[in-house]
Amino acid sequence: MCEQAIRRFQQGDKQAFQQIYEQYYKRVYYLALKISRNQADAKDIAQDTFVQMQKSLIGLKDPKLFDQWMHRIVISKASDLFRKNKTSSFPEEHAVFQ
């Protein structure tokens, strides 16, 4: 179902993103909550994640990789928030080493 919505969005159907949002919001929020351990931060991370996803989804070449792509964005947005706040540290278990 998500693959179809992704393809429709990539073809210009802006309403398809609403379907993706509804299907993935809880997953994104709970991942952000697991990382941040703070509800307000998790909501901010989720919001930033969906904004980034809407901007970047057009460039996702393989919709089958959506889950991995989405997780990387959540982790990136959490890292950005921690870096911006500098009052809390990014949990090491979620650090991505390349």
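Undergrad: I'm lost on the environment of Trp69 in this one. Help?
TA: Inspection of the secondary structure assignment puts Trp69 in helix α4 (residues 66-85). Relative accessible area serves as the criterion here: at 11%, Trp69 is assigned to the buried category. Not counting residues up to four positions away in its chain, the partners in contact with Trp69 are Met53, Ser56, Leu57 and Leu60.

Undergrad: Help me out: how do you make sense of unusual backbone geometry in this one?
TA: For residues that are not glycine, phi is negative in most cases, and the peptide bond is trans in most cases. If you check the backbone angles, Arg37 has positive phi at about 60° while not being a glycine. By the element assignment, Arg37 lies in the loop between α2 (16-36) and α3 (39-56).

Undergrad: Sorry if this is basic, but what is going on with the nonpolar core here?
TA: What tends to happen in soluble globular proteins is that the nonpolar side chains get buried as a cluster. Ranked by internal contacts, the top residues of the largest apolar core, which has 29 residues, are Ile20, Met53, Leu57 and Phe66. Only α1 (2-10), α2, α3 and α4 provide two or more residues apiece to this core. When neighbours within four sequence positions are excluded, Met53 is seen to be in contact with Phe17, Ile20, Phe66, Trp69, Met70 and Ile73.

Undergrad: Help me understand the packing of aromatic side chains in this model?
TA: Within a pair of aromatic rings, the relevant descriptors are the distance that separates the centres and the angle that separates the planes. Here the structure, examined in full by the defined rule, presents nine aromatic pairs. A centroid spacing of 4.8 Å and a plane angle of 65° characterise the contact between Tyr21 and Phe50, whose relative ring orientation is edge-to-face. Of this pair, Tyr21 sits in helix α2 while Phe50 sits in helix α3, placing them 29 residues apart in sequence. Here the aromatic cluster, defined as three or more aromatic residues joined through ring pairs, consists of Phe9, Phe17, Tyr21, Tyr25, Tyr29, Tyr30 and Phe50. Here the guanidinium or amino end of Lys14 rests over the ring plane of Phe9, the centre of that ring lying 5.0 Å away.

Undergrad: How should I be thinking about α4 in this particular structure?
TA: One turn of an α-helix holds 3.6 residues; hence residues three or four places apart share an orientation. Over its 20 residues, α4 extends 28 Å from the first C-alpha to the last, a length consistent with the 28 Å expected when each residue adds 1.5 Å. For α4, every residue scored as buried is listed here: Phe66, Trp69, Met70, Ile73, Val74, Ile75, Lys77, Ala78, Leu81 and Phe82. For α4, the secondary structure elements touched by its buried residues are α1, α2 and α3.

Quick notes on the rules
- Residues numbered from 1 in each chain as written.
- Predicted model: local features only at pLDDT ≥ 70, side-chain atom pairs only at ≥ 80, totals over all residues.
- Heavy atoms only, no water.
- Helix = DSSP H or I, 4+ residues; strand = E, 2+ residues; numbered from the N terminus.
- Buried < 20%, exposed > 50% of the residue type's maximum accessible area, 1.4 Å probe, protein only.
- Contact = heavy atoms within 4.5 Å.
- Core = buried A, V, L, I, M, F, W, Y, C linked by side-chain atoms within 4.5 Å.
- Phe/Tyr/Trp six-rings, centres within 6.5 Å; stacked < 30°, edge-to-face > 60°.
- Lys NZ or Arg CZ within 6 Å of the ring centre and 35° of its normal.
- Expected span 1.5 Å × (residues − 1).

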